[in-house]
Amino acid sequence: MFFDGYHYHGTTFEQSYRCYPASFIDKPQIESGDKIIMPPSALDRLASLHIDYPMLFELRNAGIERVSHCGVLEFIAEEGMIYMPYWMMQNLLLQEGDIVRVRNVTLPKGTYVKLQPHTKDFLDISNPKAILETALRNYSCLTTGDSIMVPYNNKKYFIDIVETKPANGISIIETDCEVDFATPLDYKEPERTTAPAAAKGPAKAEEVVDEPEPKFNPFTGSGRRLDGRPLAYEPPPASSPKDKQPVVANGNGQSSAASSSEKAARQAHGKLVFGSNANRAPKEATPPKVGAGKETKQEEQEKKEEPKFQAFTGKKYSLRG
């Protein structure tokens, strides 16, 4: 089907053409930009309308209402046909020979564009912004929602146009435009490895500070005489971890340290005790009376005067009665 009629709305150029990829003609440079090749008749009509340069066009797939924008490279195509980059046909979901609507437009100069590479290897380039700036010299405009192709080092990088300001379609000819990059589509955040529960056990155990165990102190008891007499000198009791406990007042207002000293005083006389036994309350010993030293000496003398053991000292009896 051949379309040779023009539709005019004041100074607007609008025409329907069949589209074909740039591989149909010997123009490989078309693939690295956004410019199309139109027939000579389109140039004649555009010149008569006094269209402003650079010429920018709106491409519309009327079947699904997909819209993009482009520039023009040459007017050498056959009548009723246009040649366009294959990536642009993919954006508009067009096949070879499909009908596309072409209309001239005026786009504002862009101030901001946000790009999202399809693969993260584009950001691995030493200076991706410089490569992008060089590639965009072949572009006349950008449209939100399109995916452009940037060739570099014998490789094609596809980049989505996520956002454009001040409009959905902007001109990037002779303008300063701020460029921002979004996270690549194939980027995955590294998984955070959580430590197993078993590994957390030793860490918590290290935090617990063990209380120092009391060391063994030999011969910590108080001395006693076998004869029950008081010692002329009592050595100071050895210090132990229990002695270092804070002094706590009991119900009668007396401190625990005072009560412990009373118990030690009670153990000064009485039975023989090996080691300290503060928990056991010994019987109170009566203090020695005056002259006790003389009585003990007399008892010792009486013991010395007792006769020694003598065998066969009992009475004898007769069996006859």
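Naming follows an unreviewed UniProt entry, where the chain appears as Ubiquitin fusion degradation protein 1 homolog of Camelina sativa. Recorded in UniProt under Sequence similarities (unreviewed entry), the annotation for the chain is "Belongs to the UFD1 family."

The subject of this paragraph is the sheet that holds strand S10 (residues 147–152). Strand order in the open sheet formed by four strands is S10-S11-S8-S13, with mixed pairing between adjacent strands. Strands with a single pairing partner mark the edges of an open sheet, and in this sheet they are S10 and strand S13 (178–181). Pairwise comparison of adjacent strand axes, ignoring direction, gives a mean angle of 35° for this sheet. Pairing of strand S8 (residues 112–117) with strand S11 (residues 155–165), which is carried by six bridges, proceeds in the antiparallel orientation. Bridged to Gln116 within S11 is Asp160.

Across all of its chains, the model carries five aromatic pairs by this definition. Between the aromatic rings of Phe122 and Phe181, the centroid separation amounts to 6.2 Å while the plane-to-plane angle is 40°, which identifies the pairing as tilted. In this pair, Phe122 is assigned in the loop between S8 and helix H3 (128–135) and Phe181 in strand S13, connecting sequence segments 59 residues apart. One aromatic cluster is present, built from ring pairs that chain together Phe122, Tyr157 and Phe181. Between Lys165 and the ring centre of Tyr112, over which it is positioned, the NZ or CZ distance is 5.0 Å.

What counts, and where the lines are drawn
Each chain carries its own residue numbering, running from 1 in the written order of its sequence. Only residues with pLDDT of at least 70 are given local features in this predicted model, and only at 80 or more are side-chain atom pairs given and counted; all residues enter the totals for whole chains, interfaces and linings. To obtain the side-chain values, all non-hydrogen atoms of the structure were used and water was disregarded. UniProt positions are given in the numbering used here, feature names are shortened, and annotations may be inferred rather than shown by experiment. Strands pair, by our definition, only if DSSP identifies at least two bridges between them. Secondary structure elements follow DSSP: runs of H or I of four or more residues count as helices, runs of E of two or more count as strands, with numbering from the N terminus. Geometry is summarised by axes, namely lines fitted to C-alpha atoms with helices restricted to the contacting stretch, and by angles between N-to-C directions that run from 0 to 180 degrees. Put simply, two rings from Phe, Tyr or Trp (the six-membered ring, in Trp's case) pair if the centres are within 6.5 Å, and we call them stacked under 30 degrees between planes, edge-to-face over 60, tilted for the rest. As a reminder, the over-ring test applies to NZ of lysine and CZ of arginine, requiring each to be within 6 Å of the ring centre and within 35 degrees of the ring normal.

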